[in-house]
Amino acid sequence: MTTSPNLERELRDPLVPHSIQVLKSGQAPSGAFVASPEFTVYSYAWLRDGAFCAHALDVVGEHEGAAAWHAWVVRSIELHRGMIESATRRVAGGETPAPETMPPARYTLDGALEYPADADDLWPNFQVDGYGMWLWSLERHLDGRGLVPSLAAAVELVAAYLEASWRLKCFNCWEELDGGEHASTLGAAYAGLAAATRLLGDERWQKAANLVRTELLARYVANGRFKRGANDQRLDASLLWLGAPFAVLPADDPLISATVEGVRYELTGPAGGVYRFRGDTYYGGGEWLLLTSSLAWHDAVSDNPSGAEAAQKWVRAQVLGNGDMPEQVTGSAQEPAMIEPWVRRWGPVATPLLWSHAMYLIAEAARA
């Protein structure tokens, strides 16, 4: 829950107060954060996006909004405790449950399960990473304060689910399967289990976290750096999170450093924005603001202020006239021919994307 000591300086950047307002305006009365209020298909609340949104509010001192989100998560989890406990038992018993029976990556703003009207256009909704990200964000929010019994019960429930499910093949943070094994998913599971250790004072969860880290080091490293998947040699910008904030290894560890430099030189577009991965075709596979701020975050905590400023400068240059930040920009798209098909299908690129604003705030706070 640590607040940046230089909040006054940050607030002189007009994008900081506007980004705070975007997050607060995008928070439903329930406490959930909508992914993007103007983009119909992002009208749900992802645990992943929300974890970073809540953390962003915490680092700028808006703790009440962050607390409301964590309370929404607990209510949503408890509403589906039976589903989570059943999935945990079945996986621990050696089953591989059908994805649709697993706890979802996203909920409605009221914490219910998603039931899209168009059954032919269902999104994948089995992702383990969001549950780990919630525990990571919760520990940061509590900042050393103890757990009340109801909160401890929810943390225990999610930690047990992560311990059982992290080995399952699932969709990644980009809603893509690609073999079902992803380093960023394991990084989030590690962070969540390590957070549960400290929140609950139970070393059982650290032992589980260490198994996740062992798996990452054994199967997700090639040529001296992390790779996207166990059988996918590509870089993915989500690998930035293995250092900051998930701390699978220290930010200055050679493996983390080599991975970050790979992202910087192989996944950075001509103007300075960061791509998700090579071969991306979603809206042409453009440069993502939230990932560019993720690079800034790493540089800020790794004593590379010039790198952090360069990344944030690029992000600021992509902001619309009203201060809103899109999900990605397509001026240097990898596959320009794929922009129009997505626009026809879903409309223009999601704007504002709360996650973009959140990562900008987090990186600015880290630089302060």
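Residues numbered from 1 in each chain as written. Predicted model: local features only at pLDDT ≥ 70, side-chain atom pairs only at ≥ 80, totals over all residues. Heavy atoms only, no water.

(A) Structural detail: the side chain of Asp 280. Along the chain, the position of Asp 280 falls in the loop between strand E5 (274-275) and strand E6 (287-288). Overall, Asp 280 belongs to the buried group, its relative accessible area being 1%. At a separation of 3.1 Å, a polar atom in the side chain of Asp 280 contacts the main-chain amide nitrogen of Tyr 282. Setting aside residues up to four positions removed in sequence, Asp 280 forms contacts with Gly 285, Trp 288, Gln 334 and Glu 335. (Helix = DSSP H or I, 4+ residues; strand = E, 2+ residues; numbered from the N terminus. Buried < 20%, exposed > 50% of the residue type's maximum accessible area, 1.4 Å probe, protein only. Polar contact = N/O pair within 3.5 Å; in protein donor to acceptor, adjacent residues only side chain to side chain. Contact = heavy atoms within 4.5 Å.)

(B) The environment of Ala 183, seen in detail. Topologically, Ala 183 is positioned in helix H8 (residues 183-200). Along the primary structure Ala 183 and Gly 229 are separated by 46 residues, whereas in three dimensions their C-alpha atoms are 5.6 Å apart.

(C) Seen up close, the packing of aromatic side chains. Across all of its chains, the model carries 20 aromatic pairs by this definition. Where Trp 342 meets Trp 346, the ring centres are 5.1 Å apart and the plane angle is 55°; that geometry is what we call tilted. Taken together, the residues Trp 342 and Trp 346, both in helix H13 (residues 339-346) and four residues apart, mark about one turn of the helix. In terms of burial, Trp 342 and Trp 346 fall into one category: buried. The rings of Phe 52, Trp 136, Trp 174, Trp 241, Phe 246, Trp 288, Trp 297 and Trp 355 are connected pair by pair, giving a single aromatic cluster. Over the face of the ring belonging to Phe 277 we find Arg 228, whose NZ or CZ atom lies 4.0 Å from the ring centre. (Phe/Tyr/Trp six-rings, centres within 6.5 Å; stacked < 30°, edge-to-face > 60°. Lys NZ or Arg CZ within 6 Å of the ring centre and 35° of its normal.)

(D) Broad picture of the nonpolar core. Membership of the largest hydrophobic core comes to 124 residues, with the highest contact counts inside it found for Trp 134 and Trp 241. When residues in this core are grouped by element, the largest group, 11 residues, is from H8. In this structure Trp 134 touches Ala 51, Trp 69, His 70, Val 73, Val 74, Ile 77, Leu 151, Ala 154, Val 155 and Val 158, once residues within four positions along its chain are discounted. (Core = buried A, V, L, I, M, F, W, Y, C linked by side-chain atoms within 4.5 Å.)

(E) Expanded view of the pattern of salt bridges. The tally for this structure, following the rule as stated, stands at 25 salt bridges. Of the charged contacts in the structure, one is a salt bridge between Glu 176 and Arg 276, with a shortest N-O distance of 3.8 Å. Taken together, the residues span a long stretch of sequence, with Glu 176 in the loop between helix H7 (149-165) and H8 and Arg 276 in the loop between E5 and E6 at a distance of 100 residues. Taking the shortest distance from any N to any O, the salt bridge between Arg 234 and Asp 178 comes out at 3.8 Å. Taken as a pair, Arg 234 in the loop between strand E4 (225-226) and helix H10 (254-266) and Asp 178 in the loop between H7 and H8 lie far apart in primary sequence, 56 residues in all. On the accessibility criterion, Arg 234 (29% relative accessible area) is partly exposed. (Salt bridge = Lys/Arg side-chain N within 4 Å of Asp/Glu carboxyl O.)

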